[in-house]
Amino acid sequence: MEEKGTISIHTENIFPIIKKFLYSDHEIFLRELVSNAVDASQKAKSLSSIGELKGDLGELKVTVKVDKEKKQIIISDNGIGMTAEEIKKYINQIAFSGATEFVERYKDSNADKSQIIGQFGLGFYSAFMVAGTVEIDTLSHQEGAEAAHWICDGSTEFSITNGNRTERGTDVILNIAEDSEEFLEEARIQTILNKYCKFLPIPVEFNGETINNPNPIWTKSPSELTDEDYKNFYKELYPFSEDPLFWIHLNVDYPFNLTGILYFPKVKNEFDFQKNKIQLYSRQVFITDEVKDVVPEFLMLLHGVIDSPDIPLNVSRSFLQADANVKKINTYITRKVADKLNEIYKKDRTAYEEKWNDIAVFVKYGMLSDDKFYEKAKDFTLLQSTDEKFYTLEEYRNLVQANQTDKDGNLVILYTTDAEKQHAFIETAQSRNYDVVKLDSMIDPHFIGQLEQKLEKTTLKRVDADTIDKLIQTDAKPESILSEDETKRLKELFEKAISNQNMTVTVEALSTDDSPVIITLPEFMRRMKDMNRMGGGGMMMMGNLPDMYNVTINANHPINHRILKHNDERGEKIAKQAYDLALLSQNMLSGAALTAFVKRSVELIDKE
Ligand code: ADP
């Protein structure tokens, strides 16, 4: 037999698309062809299970071979094979999907239809991205079928002749085009197979070795799996990573199909996060690690795999965003993650607290980006006090309710962004029995804003935003022992000593135990500048403004009384010294100012 013919017009539509749009992605030809081979093998299995495939099923496997001399790549399977008629129908009439027909034909039988790899849009014809001519050598499983050989050079002309294959199955032979000879390198093929075929459900052999794990754990039921299994699989996915903190096994079949495992990675610091660590599969075929749109943005920092045949493939991004399934998947994943965190929190609070600093950024990011997540997460979000204790938001509000309010009756949560640098202020707060929490990560400025919006009558103030007695209203506020005139003189003296327009000097009655001079940066001012730095807010001109500090002179401190008494050059010198000490305690003294301070200090010690 020899038949020549013309492939139906559909091809003319698809070739330009293949060549043009997927130019950078030529390597996917291998994914498509190996998937087809796996698909044909699974069909053989299904047919055999319902008694429609006669004879021995044999050991199903797919083999990939590179023949550098002949410049060929050959993908072989012992699946169902094709008759000449089927080649014409399934291969030549490209728009006609064999898989669809298969499902149609067997939809009422018990065969497992989910085993059939769906359409990838390009399928078999992606072979022409790398091959000049493509051959198919195949023998169908059907009784009395004759082997068939098909050859096509990528034009719409093809030829079918009798083949000489004697065993059921198909060889797809790619005669690699000159501009694609890179694919004749074994290392390249190995890399591509590892990327796309690592978890295909039928063994795939290359160079005598099976390159895949046909039964990855996400396809199993959680009840069959131990912690070790999850950890080992994590290692399989990311060979050089530390153990994950914990994981979530996803499993839904209605209203969409999705399985997978998401891992919370252990991260050393905030800059360590790597996006694109979640791999997206469709029935165990790797599709992409760009899961944007499928996974909520804040969960892209997680690792793991998601496998769903219901995610539309090879479609435009905007279509994906609008896809109803994708939206549902998003919601589902968010809910699952919230439930899992809640479960760990409830089951073992201590263990949860130990993990908190590693997961805080996920949780906060989630709360900021998704209101529904906020509603769930608010119950297991923790605040860590500077004495290392953890509190939920509600616990913390209860803790500070009694003695931390401002003049408007709002509850005040004091926080530090740097317990080392702001140590003096934290100590003062603690001396008044106030509590200070640590909010020192990159996401916290946003998180603070959100807490103020969500928590009723609550404000958050950085511990160095003002003197403590101004931040928190207290009945036991000390009286000033200076007269009005003395206060005025002290203020002028310091203004002269400091002589810096960005420093606003005020004299205030503080405790004698407090420092003589305290430098603070108002909360509002700092937030504006922070926002501006982070690129939000639209207050662009703020960026160029210097920080405007408040300098509070403690009216009740003995040193300040001495300064008043001297009221001359020596007074000014002591004032300078006290001011520099305040700068120094906040790491704000450097360069010439620091040198001058050291010199003056030596002089002052010398005089003792
Ligand atoms: P899809 O796999 O999405 O249906 P393809 O273009 O990849 O589209 O393949 C078209 C059809 O050709 C398949 O549905 C299948 O019926 C048939 N086919 C392709 N490769 C093989 C193979 N190795 N063995 C048997 N049939 C195959």
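Procedures and definitions
Residues numbered from 1 in each chain as written. Predicted model: local features only at pLDDT ≥ 70, side-chain atom pairs only at ≥ 80, totals over all residues. Heavy atoms only, no water. Helix = DSSP H or I, 4+ residues; strand = E, 2+ residues; numbered from the N terminus. Buried < 20%, exposed > 50% of the residue type's maximum accessible area, 1.4 Å probe, protein only. Contact = heavy atoms within 4.5 Å. Areas by Shrake-Rupley, 256 points an atom, 1.4 Å probe, with all protein chains shown as cover. Core = buried A, V, L, I, M, F, W, Y, C linked by side-chain atoms within 4.5 Å. Domains from an automatic or database assignment. Polar contact = N/O pair within 3.5 Å; in protein donor to acceptor, adjacent residues only side chain to side chain. Pairing = 2+ DSSP bridges. Axes fitted to C-alpha atoms, helices over the stretch in contact; angles between N-to-C directions. Phe/Tyr/Trp six-rings, centres within 6.5 Å; stacked < 30°, edge-to-face > 60°. Lys NZ or Arg CZ within 6 Å of the ring centre and 35° of its normal. pLDDT = per-residue confidence, 0-100. Salt bridge = Lys/Arg side-chain N within 4 Å of Asp/Glu carboxyl O. Expected span 1.5 Å × (residues − 1).

## Considerations on the overall build of the chain
Turning to step 1, where the next piece is worked out: Along the backbone of the chain there are 19 helices and 22 strands.
Turning to step 2, where the next piece is worked out: Sorting the 608 residues of the chain into buried and exposed places 51% on the buried side.
Turning to step 3, where the next piece is worked out: Residue pairs at least 24 apart in sequence account for 70% of intrachain contacts in the chain once pairs closer than 6 positions are excluded.
Turning to step 4, where the next piece is worked out: Of the roughly 29,900 Å² of accessible surface on the chain, 49% is carried by carbon and sulfur atoms.

## Overview of the nonpolar core
Turning to step 1, where the next piece is worked out: Core analysis: the biggest nonpolar cluster contains 68 residues, and Val-34, Val-64, Ile-73, Ile-75, Trp-150 and Leu-174 have the highest contact counts within it.
Turning to step 2, where the next piece is worked out: In terms of residue count, helix H2 (residues 28-49) provides more of this core than any other element does, 10 residues in total.
Turning to step 3, where the next piece is worked out: A domain-level breakdown of this core finds at least three residues from each of domain 1 (2-208) and domain 2 (217-345).
Turning to step 4, where the next piece is worked out: Beyond its immediate chain neighbours, meaning those up to four positions away, Leu-174 contacts Phe-29, Leu-33, Lys-71, Gln-72, Ile-73, Ile-75, Ala-127, Val-130, Ala-131, Thr-133 and Val-134.
Turning to step 5, where the next piece is worked out: Ranked by size, the runner-up nonpolar core spans 57 residues in total, among them Leu-280, Val-291, Phe-390 and Val-400.

## A closer look at the side chain of Thr-416
Turning to step 1, where the next piece is worked out: Position of Thr-416 relative to the elements: it lies in strand S17 (residues 411-416).
Turning to step 2, where the next piece is worked out: Engagement of the side chain of Thr-416 in a polar contact is seen with the side chain of Gln-422, the distance being 2.5 Å.
Turning to step 3, where the next piece is worked out: Those residues in contact with Thr-416 that lie beyond four places of it in its chain are Thr-386, Gln-422, Ile-426, Val-436, Val-437, Lys-438, Leu-439, Asp-440 and Val-463.

## Structural notes on the sheet that holds strand S11 (residues 258-264)
Turning to step 1, where the next piece is worked out: Pairing is mixed across the open sheet formed by 5 strands, whose spatial order is S10-S11-S14-S12-S13. The open sheet is flanked by strand S10 (246-252) and strand S13 (285-288), the only strands paired with a single partner. In this sheet, neighbouring strand axes are inclined to one another by 20 degrees on average, regardless of whether the strands run parallel or antiparallel.
Turning to step 2, where the next piece is worked out: With 4 bridges joining them, strand S12 (residues 278-282) and strand S14 (residues 303-307) adopt parallel strand pairing. Paired with Ile-278 across the bridge in S14 is Gly-304.
Turning to step 3, where the next piece is worked out: On the sheet, helix H6 (residues 227-237) packs against S10, S11, S12 and S14 and is oriented at approximately 85 degrees with respect to S11.

## Digging into the side chain of Asp-444
Turning to step 1, where the next piece is worked out: Relative to the helices and strands, Asp-444 resides in helix H13 (residues 444-454).
Turning to step 2, where the next piece is worked out: Note on Asp-444: relative accessible area 2%, which makes it buried.
Turning to step 3, where the next piece is worked out: Excluding its chain neighbours within four sequence positions, the residues that come into contact with Asp-444 are Lys-364 and Leu-439.

## A look at the packing of aromatic side chains
Turning to step 1, where the next piece is worked out: Evaluated as defined, the whole model comprises 21 aromatic pairs.
Turning to step 2, where the next piece is worked out: Among the aromatic residues, ring-to-ring pairing joins Tyr-196, Phe-199, Trp-218, Phe-233, Tyr-281 and Phe-286 into one connected group.
Turning to step 3, where the next piece is worked out: A cation over an aromatic ring shows up here: Lys-454 above the ring of Tyr-374, its NZ or CZ 4.7 Å from the ring centre.

## Examining the environment of Ala-145
Turning to step 1, where the next piece is worked out: Mapping Ala-145 onto the fold places it in the loop between strand S4 (131-139) and strand S5 (148-152).
Turning to step 2, where the next piece is worked out: The partly exposed category is assigned to Ala-145, whose relative accessible area is 23%.
Turning to step 3, where the next piece is worked out: Between the C-alpha atoms of Ala-145 and Met-82, which are 63 residues apart in sequence, the distance is 8.6 Å.

## Notes on the pairing of S11
Turning to step 1, where the next piece is worked out: Burial analysis of S11 places 7 of its 7 residues in the buried class, which makes it a mostly covered element.
Turning to step 2, where the next piece is worked out: As paired elements, S10 and S11 share 7 bridges and run antiparallel to each other. Bridge assignment links Asn-251 to a residue of S11, and that residue is Thr-259.
Turning to step 3, where the next piece is worked out: As paired strands, S11 and S14 are joined by 5 bridges and run antiparallel to one another. By the bridge assignment for S14, Ile-261 is matched with Val-305.

## What about the confidence of the model for the chain?
Turning to step 1, where the next piece is worked out: When pLDDT is averaged across the chain, the result is 86; 86% of the residues are at 70 or more.
Turning to step 2, where the next piece is worked out: pLDDT under 50 marks residues 111-121. Its contacts with residues more than four places away, or in other chains, come to 34 contacts.

## Quick look at the pairing of strand S7 (residues 169-176)
Turning to step 1, where the next piece is worked out: Within S7, 8 of the 8 residues are buried, which leaves the element mostly enclosed by the surrounding structure.
Turning to step 2, where the next piece is worked out: Of the two faces of S7, the one lined by Gly-169, Asp-171, Ile-173 and Asn-175 and the one lined by Thr-170, Val-172, Leu-174 and Ile-176 are each fully buried.
Turning to step 3, where the next piece is worked out: The pairing of strand S3 (residues 72-77) with S7 spans 6 bridges and is antiparallel. Among the inter-strand pairings, Asp-77 is bridged to a residue of S7, identified as Thr-170.
Turning to step 4, where the next piece is worked out: In terms of strand pairing, S4 meets S7 through 8 bridges, oriented antiparallel. Across the sheet, Ile-136 pairs through a bridge with Val-172, a residue of S7.

## Brief notes about the pattern of salt bridges
Turning to step 1, where the next piece is worked out: All chains considered together, the criterion is met by 35 salt bridges.
Turning to step 2, where the next piece is worked out: Of the charged contacts, one joins Glu-495 and Lys-491 as a salt bridge, the two residues approaching to 3.4 Å between their closest N and O atoms. Taken together, the positions of Glu-495 and Lys-491, both in helix H15 (residues 484-498) and 4 residues apart, correspond to about one turn of that helix.
Turning to step 3, where the next piece is worked out: Overall, Glu-495 belongs to the partly exposed group, its relative accessible area being 35%.
Turning to step 4, where the next piece is worked out: A residue is classified by how much of its surface remains accessible, and Lys-491, at 32% relative accessible area, is partly exposed.
Turning to step 5, where the next piece is worked out: Across the salt bridge formed by Lys-573 and Glu-603, the nearest N and O atoms sit 2.6 Å from each other. Taken together, the residues span a long stretch of sequence, with Lys-573 in helix H18 (residues 569-585) and Glu-603 in helix H19 (residues 591-607) at a distance of 30 residues.
Turning to step 6, where the next piece is worked out: According to the relative accessible area criterion, Lys-573 is partly exposed, its value standing at 30%.
Turning to step 7, where the next piece is worked out: Of the residues examined, Glu-603 reaches a relative accessible area of 35% and is grouped as partly exposed.
Turning to step 8, where the next piece is worked out: Each member of the salt-bridge network shares a partner with another, and the members are Glu-27, Glu-182, Arg-188 and Lys-195.

## Notes on helix H8 (residues 324-347)
Turning to step 1, where the next piece is worked out: With 24 residues, H8 should reach 34 Å at 1.5 Å per residue; the first-to-last C-alpha distance of 34 Å fits that figure.
Turning to step 2, where the next piece is worked out: All buried positions along H8 are accounted for by Val-326, Ile-329, Asn-330, Tyr-332, Ile-333, Thr-334, Val-337, Ala-338, Leu-341, Ile-344 and Tyr-345.

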